[in-house]
Amino acid sequence: MDYTAKLDDALNRLHDEGRYRTFIDIERQQGHFPHATWTRPDGTQRPITVWCGNDYLGMGQHPVVLAAMHEAVDATGAGSGGTRNISGTTVYHKRLEAELADLHGKDAALLFTSAYIANDATLSTLPKLFPGLIIYSDELNHASMIEGVRRNGGAKRIFKHNDVAHLRSLLEADDPAAPKLIAFESVYSMDGDFGPIEEICDLADEFGALTYIDEVHAVGMYGPRGGGVTERDNLAHRIDIINGTLAKAYGVMGGYIAASEKMCDAIRSYAPGFIFTTSLPPAVAAGAAASVAHLKTDQALRERHQTQAKILKLRLKGLGLPIIDHGTHIVPVIVGNPVHTKVLSDHLLEDYGIYVQPINFPTVPRGTERLRFTPSPVHGPKEIDALVHALDALWSHCALNRAELAG
């Protein structure tokens, strides 16, 4: 077996399809984000504006967060020193879990090193707790949810995206006595659309199913205190397990689930992804707790975020660019070809100092390749003007289609 040749074949396929991804070496500028410095492969540098980051609210540079992290580093050092079961649980971890439980109105929360791990570990563990469990999963669920459902060895059903009628038909076809769980998201990150939370909760009640929602792209940004779309719509009490991240709106790192005391206790006791993983550094937990606490009271920051997203969408629509607008903060611009998407991304970076990564298959279906922009409160008029003018010029230069403009 020529192993090197096999690796070459696999990588060449990505190159041939225009899907090969290149790391962009950037250095964020604390206090000046979204501005950063890009180090090219040849070692030269140029200033750029980051338009594809997940630090949605700029909390990664907020003084409250930085002060909490500095204080924890000075008090405890760098790492946690172990798993949560073996010397890796600190006052900072417990404080963060209490903040998260309060955020979602749940009895408890359980902290993981990422939301990916939280989804994977929880969904793959649930069939151990509920033998015979059938999981009903939206077809556009995040890869971490898909992996958790796939690995658990139990029965699964995939329902069409946001199709409540299809979900109902699947539930009706299964044994009424079988334990069931419906797994879905509140905000789907690639199209930026909302899940039909209330309708799914109604079905769960009717068929005796548990509910599991991924609020990764909503926590911190929706609801009076940042509890996500479930808080905004007063539905959190109808969700059995809420998954969220600390690496997006909260600007730090980590993931979690919020649920009943018994659910969290069972997951922490049975999930290998929790049991055998070193816990987050205390400083990270401290920064995340400070961020969660701050955003419970900073509604103005959330409002500025939504305003900037609306402005960008309006400007891009005015150019006739094919954007998807479902009313969330995510701004996808459809290109529809992986090679063209990469060309646009490269030109934006090199010619205009605008950094946005191309989004290709398998993250999105073939033919829907896109540039996905994530405006934030710190993307001001100057940054938006520069982006709009650059996209206008490149769209014409590459002879890409535009939507028909009304009037």
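Scoring rules and cut-offs
- Residues numbered from 1 in each chain as written.
- Predicted model: local features only at pLDDT ≥ 70, side-chain atom pairs only at ≥ 80, totals over all residues.
- Heavy atoms only, no water.
- Helix = DSSP H or I, 4+ residues; strand = E, 2+ residues; numbered from the N terminus.
- Buried < 20%, exposed > 50% of the residue type's maximum accessible area, 1.4 Å probe, protein only.
- 1 Å grid on protein atoms, 1.4 Å probe; cavity = no way out; pocket = protein on both sides within 12 Å on 5 of 7 lines; lining within 4 Å.
- Points joined across faces, edges and corners; volume = space filled by probe spheres on them.
- Nonpolar A, V, L, I, M, F, W, Y, C, P; charged D, E, K, R; others polar.
- Pairing = 2+ DSSP bridges.
- Contact = heavy atoms within 4.5 Å.
- Axes fitted to C-alpha atoms, helices over the stretch in contact; angles between N-to-C directions.
- Expected span 1.5 Å × (residues − 1).
- Arc of directions from axis to C-beta.
- Parallel < 35°, antiparallel > 145°, perpendicular 65-115°, else oblique.
- Left-handed = near helix turned anticlockwise from the far one by under 90°.
- Salt bridge = Lys/Arg side-chain N within 4 Å of Asp/Glu carboxyl O.
- Polar contact = N/O pair within 3.5 Å; in protein donor to acceptor, adjacent residues only side chain to side chain.
- Phe/Tyr/Trp six-rings, centres within 6.5 Å; stacked < 30°, edge-to-face > 60°.
- Lys, Arg positive; Asp, Glu negative; His and termini not counted.

**Re the environment of Ala98**
Inspection of the secondary structure assignment puts Ala98 in helix 3 (residues 91-104). Residue classification places Ala98 among the partly exposed positions, given a relative accessible area of 47%. Each C-alpha atom, one on Ala98 and one on Ala108, is 6.9 Å from the other, the two residues being ten residues apart in sequence.

**A closer look at the layout of surface pockets**
One number sums up the size of the largest pocket: a volume of about 1,200 Å³. Every residue lining the largest pocket is counted, 45 residues in all, and those nearest its centre are His142, Ser189, Met190, Ile359 and Thr363. At the level of secondary structure, the elements contributing two or more residues to the lining of the largest pocket comprise strand 1 (25-28), helix 4 (115-129), helix 5 (143-151) and strand 16 (370-373). Of the residues in the lining of the largest pocket, the class split is 20 nonpolar, 14 polar and eleven charged. Its volume calculated, the second largest pocket comes out at about 320 Å³. Surrounding the second largest pocket, 21 residues form its lining, Thr22, Ile24, Lys342, Asp346 and Leu349 being those nearest its centre. Among the elements that make up the lining of the second largest pocket, the one with the highest residue count is helix 13 (residues 338-352) (five residues). Split by residue class, the lining of the second largest pocket holds eight nonpolar, six polar and seven charged.

**With respect to the sheet that holds strand 1**
Strand pairing in a sheet takes place through backbone hydrogen bonds and is either antiparallel or parallel in direction. Across the sheet, which stays open at both edges, the four strands sit in the order 1-2-3-14 with mixed pairing between neighbours. A single partner strand is all that each edge strand has here, and the edge strands are strand 1 and strand 14 (354-355). Of the strand pairs in this sheet, strand 2 (residues 35-39) and strand 3 (residues 45-50) are connected by five bridges, and their pairing is antiparallel. Counterpart to Ala36 in the pairing with strand 3 is Ile48. Across the sheet, helix 13 lies against strand 2, strand 3 and strand 14, angled at about 125° from strand 3, the strand it touches most.

**Details of helix 13**
Two residues of an α-helix separated by three or four positions point the same way, owing to the 3.6 residues in each turn. An ideal rise of 1.5 Å per residue puts 21 Å on 15 residues; helix 13 measures up with 20 Å between its terminal C-alpha atoms. Buried residues of helix 13: Pro338, Thr341, Leu344, Ser345, Leu348 and Leu349, and no others. The buried residues of helix 13 occupy an angular sector of 130° when the element is viewed end-on, so they sit on one face. Close packing links the buried residues of helix 13 with strand 2, strand 3, strand 14, strand 15 (358-359), strand 16 and helix 14 (381-397).

**Side note on the sheet that holds strand 13 (residues 331-334)**
The sheet built from three strands is open, its strands ordered 13-16-15 with antiparallel pairing. Only two strands of the sheet have a single neighbouring strand rather than two, namely strand 13 and strand 15. Packed onto the sheet, helix 13 meets strand 15 and strand 16 and runs at close to 45° relative to strand 16.

**Quick notes on the packing of helix 12 (residues 299-318) against helix 14**
Remark: helix 12 packs on helix 14, axes separated minimally by 10 Å, with the N-to-C direction vectors making an angle of 25°. Of the possible angle classes, the one that applies to helix 12 and helix 14 is roughly parallel. At the point where helix 12 passes helix 14, the crossing takes the right-handed sense. Residues Gln308, Ile311, Leu312, Arg315 and Leu316 of helix 12 touch helix 14, and the partners they reach there are Ile384, Asp385, Leu387, Val388, His389 and Leu391. Taken together, the residues that form the contact of helix 12 with helix 14 break down as seven nonpolar, two polar and two charged.

**Structural notes on the pattern of salt bridges**
Counted by the stated rule, this structure contains 25 salt bridges. The partner of Asp233 in a salt bridge is Arg232, with the nearest N and O atoms 2.8 Å apart. The partly exposed category is assigned to Asp233, whose relative accessible area is 34%. Two residues, Lys317 and Asp325, come together in a salt bridge whose shortest N-O distance is 2.7 Å. Taken together, the shared-partner salt bridges connect Glu99, Asp102, Arg225, Glu231 and Lys296 into one network.

**Brief notes about helix 1 (residues 3-16)**
Over its 14 residues, helix 1 extends 20 Å from the first C-alpha to the last, a length consistent with the 20 Å expected when each residue adds 1.5 Å. Among the residues of helix 1, the N-terminal cap falls to Asp2, whose side-chain oxygen and the backbone nitrogen of Thr4 are separated by 3.3 Å. Following helix 1 by one or two positions, Gly18 adopts a phi angle in the positive range, close to 75°.

**Points about the packing of aromatic side chains**
Taken as a whole, this structure holds three aromatic pairs when the rule is applied. Ring centres 6.4 Å apart and planes at 80° place the aromatic pair Trp51 and Phe373 in the edge-to-face group. Here Phe373 lies in strand 16 and Trp51 lies in the loop between strand 3 and helix 2 (63-76), a separation of 322 residues in the sequence. Residue Trp51 is classed as buried on the basis of its relative accessible area, which comes to 1%. Given the relative accessible area of 0%, Phe373 is considered buried.

**Description of the side chain of Asp193**
By the element assignment, Asp193 lies in strand 9 (residues 193-194). Among buried charged residues, Asp193 stands out as having no salt bridge; its nearest opposite-charge side chain is Arg370, 8.0 Å away. A polar side-chain atom of Asp193 sits 2.6 Å from a polar atom in the side chain of His161. One polar contact links Asp193 to Asn162, side chain to side chain, over a distance of 3.4 Å.

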